[in-house]
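Architecture at a glance
Chain by chain, the residues run as shown.
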Amino acid sequence: MRVKQCRLFFSSRNAWVLFFLLCFVFSSFGCGPKKVGIPGGLSETRANVVRLAMDLLGKPYKNGGRGPDAFDCSGLVYYAFKKSGLTVPVTAEEQGQGGAEVSRDAVLPGDLVVFKIKRDFHVGIMLNEGEFVHASKSRGVAIDNLSLPYWTRSFQGFRSFL
């Protein structure tokens, strides 16, 4: 009799209901692509840098990687700018010290955000007022928010090569 009850509970109808319920839960709570608001009215070059960086989301991290299949943080910046017809330094330290300094209230999409983690520089490309795209050692090319404690602790400033 127990076997019969188990078969009734796991009927094909219940399996379909469970399947659709799981699909709904996963699609509702962030398993899909992250939606990022990027302001309009950007110069063609800025918009191109941002679009190129966003197109690389999900690519794996590789120390010294400059694309197109894998990136480190400075390689992602170098690649997006190079594909947009611009020249930037190769290393994160040079990128983090080059270009023009930008204040928090003047930062635009395409500008670089600079961090110093322990003794190493880390860079990303700003997408909007609070979010940036970068190459993370643990997640590859990903989007993060400046307001997260990890980033606020190591924040150094903004730089622009545009």
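Refer to the structure presented above.
Residues numbered from 1 in each chain as written. Predicted model: local features only at pLDDT ≥ 70, side-chain atom pairs only at ≥ 80, totals over all residues. Heavy atoms only, no water.

Digging into the overall build of the chain
When its secondary structure is counted, the chain shows six helices and six strands. Scored against the burial criterion, the 162 residues of the chain give a buried share of 39%. Expressed as a percentage of contacts within the chain between residues at least 6 apart in sequence, the contacts between residues at least 24 apart total 56%. For the chain, the accessible area works out to roughly 10,300 Å², and carbon and sulfur atoms hold 57% of it. (Helix = DSSP H or I, 4+ residues; strand = E, 2+ residues; numbered from the N terminus. Buried < 20%, exposed > 50% of the residue type's maximum accessible area, 1.4 Å probe, protein only. Contact = heavy atoms within 4.5 Å. Areas by Shrake-Rupley, 256 points an atom, 1.4 Å probe, with all protein chains shown as cover.)

Points about helix α3 (residues 44-55)
Here α3 spans 16 Å end to end across 12 residues, near enough to the 16 Å set by a 1.5 Å rise per residue. In the core, the buried residues of α3 are packed alongside α4 (73-83), β3 (120-126), β4 (131-136), β5 (140-145) and β6 (155-160). (Expected span 1.5 Å × (residues − 1).)

Observations regarding unusual backbone geometry
Here the residue pair Gly67 and Pro68 is connected by a cis peptide bond, since its omega of 0° sits within 30 degrees of zero. Turning to its location among the elements, Pro68 is positioned in the loop between α3 and α4. Residues other than glycine seldom take positive phi values, yet Lys118 does so here, at roughly 60°. According to the relative accessible area criterion, Lys118 is exposed, its value standing at 80%.

Details of the pairing of β6
Where strand β1 (residues 100-102) lies against β6, three bridges are found, and the strand directions are antiparallel. For Val102, the partnering residue across the bridge sits in β6 and is Phe158. (Pairing = 2+ DSSP bridges.)

Some thoughts on the environment of Leu108
Among the secondary structure elements, Leu108 is positioned in the loop between β1 and β2 (112-117). Separated by 20 residues in the primary sequence, Leu108 and Asn128 place their C-alpha atoms 6.7 Å from one another.

A closer look at the packing of aromatic side chains
All chains considered together, the criterion is met by eight aromatic pairs. Seen from their ring centres, Phe115 and Phe132 are 5.3 Å apart, and the 40° between their planes marks the pair as tilted. Within this pair, whereas Phe115 is found in strand β2, its partner Phe132 is found in strand β4, the two being separated by 17 residues in sequence. Members of the aromatic cluster, connected to one another through ring pairs, are Phe115, Phe132, Tyr150, Trp151, Phe155 and Phe158. Directly above the ring of Tyr78 sits Arg66, whose terminal nitrogen or CZ lies 5.4 Å from the centroid. (Phe/Tyr/Trp six-rings, centres within 6.5 Å; stacked < 30°, edge-to-face > 60°. Lys NZ or Arg CZ within 6 Å of the ring centre and 35° of its normal.)

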